[in-house]
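Survey of secondary and tertiary structure
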Amino acid sequence: MRARVIRGLRCAMWAVLPGELALVVCLVAGVRIPGAVLLGAEALVVGMLALEAYVMWPRYADRRRAGDTRRAAGLAAVRAVVPVALRRLIVHEFRALHSLGLWTVRRRHRIPEGSRPFSYTEPQTGIMGVFLFVTVVETVVLALVISWPLVHAVLLVVDVYGIVVVLALHAASVTRPHLVGADGSLRLRYGALFDLRVPAASIASARVERRFPDGGPVRVDEDGTLDLAVGSRTSVTVELTGPVEFVRPLGRCGSARTLRFHADDSRAVVAALAAPGGPARGASRSHLPGPLPG
């Protein structure tokens, strides 16, 4: 019975939370919402919170009796109810908005002393520019076409928030570059969506290799090759001594023995990994005709 309640609660979260978020954004923006709509939305949220408390409290109490701290017990109860994909989507969005703030003040996210950052945003800059232009045009057109004040105000808030999200996604990629550590370790990132740390001892070799893989930005082949593509492009291939574990953007786990990713200055990445004292002293470079774009 409790398992059915949890499944139903998770489905309700996927429907209620985005609606509540949109409602809050509209209220902050000064949009006038009818009282009946506000009352119905708040009643729905209160009911969902009460159901969450009913489901999570026994799990919290069990963890406390087992000796967990309040924080650990609370996190365990939340993980038992809130779907991992929903939790990660919320975290990704907050990280992206934080990155937008960093981008505004021209700072980058956690660059340890001695580490070398390598950007990877060049292939997606034009795409993001197109998305931003389309979103702005859509906002202007809808503002001219729609005459109902409430609908117009709601769509305006949603579109403006969409513009902020597009900027935040790009800012996350700019402020979270790949890193080659002073000890020869490698940290691969894709904005706020993906983060993989590879110890220096796990890196066997690195080479410049331009590829155009199919599929999404994070893709794993059956042979254990991870493609972290930007603009459907990778330009560096790193061979590992053994498989490394990673977490995909929506929470699924995977492992890979070969890493393919894009860097705007791919030869500099290979050179950094092959530097004296680095693990990939025998790093090789593919023979490409002339410098890679970017």
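Along every chain, residues carry numbers that run from 1 in the direction the sequence is written. Note on the predicted model: pLDDT of at least 70 is required for a residue's local features to be given, and 80 or more for side-chain atom pairs to be given and counted; whole-chain, interface and lining totals, by contrast, use all residues. Excluding hydrogens and water, the side-chain values take into account all heavy atoms of the structure.

For the rest of this paragraph, the subject is the overall build of the protein chain. On a plain count of helices and strands, the protein chain comes out with 7 helices and 9 strands. Here the term buried applies to any residue with accessible area under 20% of the maximum for its type, exposed to any over 50%, and partly exposed to those in between, with areas from a 1.4 Å probe on protein chains only. Each of the 294 residues in the protein chain was classed as buried or not, and the buried ones make up 39%. In this analysis, two residues are considered to be in contact whenever any of their non-hydrogen atoms come within 4.5 Å of each other. In the protein chain, the share of contacts with a sequence separation of at least 24, taken over all contacts with a separation of at least 6, comes to 68%. Every accessible area reported is derived by Shrake-Rupley at a probe size of 1.4 Å, with residue values counting cover from the shown protein chains alone. When the accessible area of the protein chain is evaluated, it comes to approximately 16400 Å², of which 62% is carbon and sulfur surface. Helix and strand definitions follow DSSP, with helices as H or I runs of at least four residues and strands as E runs of at least two, each counted in order from the N terminus.

On to the sheet that holds strand β1 (residues 116–118). When DSSP locates at least two bridges between a pair of strands, those strands are taken to pair. Taken together, the 4 strands give an open sheet; going across it, the order is β1-β2-β3-β4, and neighbouring strands pair in antiparallel fashion. Where the open sheet ends on each side, the last strands, each with one partner, are β1 and β4 (194–198). The sheet shows a mean angle of 15 degrees between the axes of neighbouring strands, direction not considered. Bridge count between strand β2 (residues 178–180) and strand β3 (residues 186–190): 2 bridges; the pairing is antiparallel. Residue L179 lies in a different strand from β3, and its bridge partner there is R187. As a rule, the C-alpha atoms of each element are fitted with a line to give its axis, helices using only the stretch in contact, and angles between N-to-C directions run from 0 to 180 degrees. The sheet contacts of helix α7 (residues 266–273) involve β1 and β2, and relative to β1 the element is tilted by about 150 degrees.

On to the sheet that holds strand β9 (residues 253–261), then. Read across the open sheet, the 5 strands follow the order β5-β8-β9-β7-β6; overall the sheet is mixed. Looking at strand neighbours, the two that pair on one side only are β5 (203–211) and β6 (218–220), the edges of this open sheet. Put simply, the sheet's adjacent strands are angled 35 degrees from each other on average, direction ignored. Judged from the 4 bridges that link them, strand β7 (residues 225–228) and β9 form a sheet pairing that is parallel. If you follow T225 over to β9, its bridge partner there is T258.

A large share of α7 lies buried, amounting to 6 of its 8 residues. Taken as a whole, α7 has its buried residues at S266, A268, V269, V270, A272 and L273. Packing partners of the buried residues in α7 comprise β1, β2, β5, β8 (234–247) and β9.

This part is about the pairing of β8. In the sheet, β5 pairs with β8 via 6 bridges, with the strands oriented antiparallel. Looking across to β8, one finds that A206 is bridged to V238. Pairing of β8 with β9, which is carried by 8 bridges, proceeds in the antiparallel orientation. Paired with V244 across the two strands is A256, which belongs to β9. Taken together, β8 and the strand that follows it, β9, pair antiparallel across an intervening segment of 5 residues, in which G251 is found at a positive phi of about 110 degrees.

Okay, the nonpolar core next. If you look at the biggest cluster of nonpolar residues, it comprises 30 residues, and the most contacted ones within it are L196, V238 and L259. Contributing elements (two or more residues each) for this core: β3, β4, β5, β7, β8, β9 and α7. Discounting residues that sit within four places of it in the chain, L259 has contacts with L188, L196, V198, L226, V236, T237, V238 and L240. The nonpolar core is taken to be a set of buried Ala, Val, Leu, Ile, Met, Phe, Trp, Tyr and Cys residues, with the residues joined through side-chain atoms within 4.5 Å.

Let's shift gears to the pattern of salt bridges. Take a side-chain nitrogen of Lys or Arg and a carboxyl oxygen of Asp or Glu: if they are within 4 Å of each other, that pair is a salt bridge. In the structure shown here, the tally under the stated rule is 9 salt bridges. Of the charged contacts in the structure, one is a salt bridge between D62 and R65, with a shortest N-O distance of 2.3 Å. Note that D62 and R65 are positioned in helix α2 (residues 35–65) at a spacing of 3 residues, about one turn of the helix. By sharing partners, the salt bridges in this structure join R207, E209, R211 and E239 into a single network.

Bringing the environment of M56 into the picture now. Summarising the element assignment, M56 is placed in helix α2. Residue M56 is classed as buried on the basis of its relative accessible area of 16%. In the structure, M56 is positioned 23 residues away from R79 in sequence and 9.5 Å away in space, judged by C-alpha atoms.

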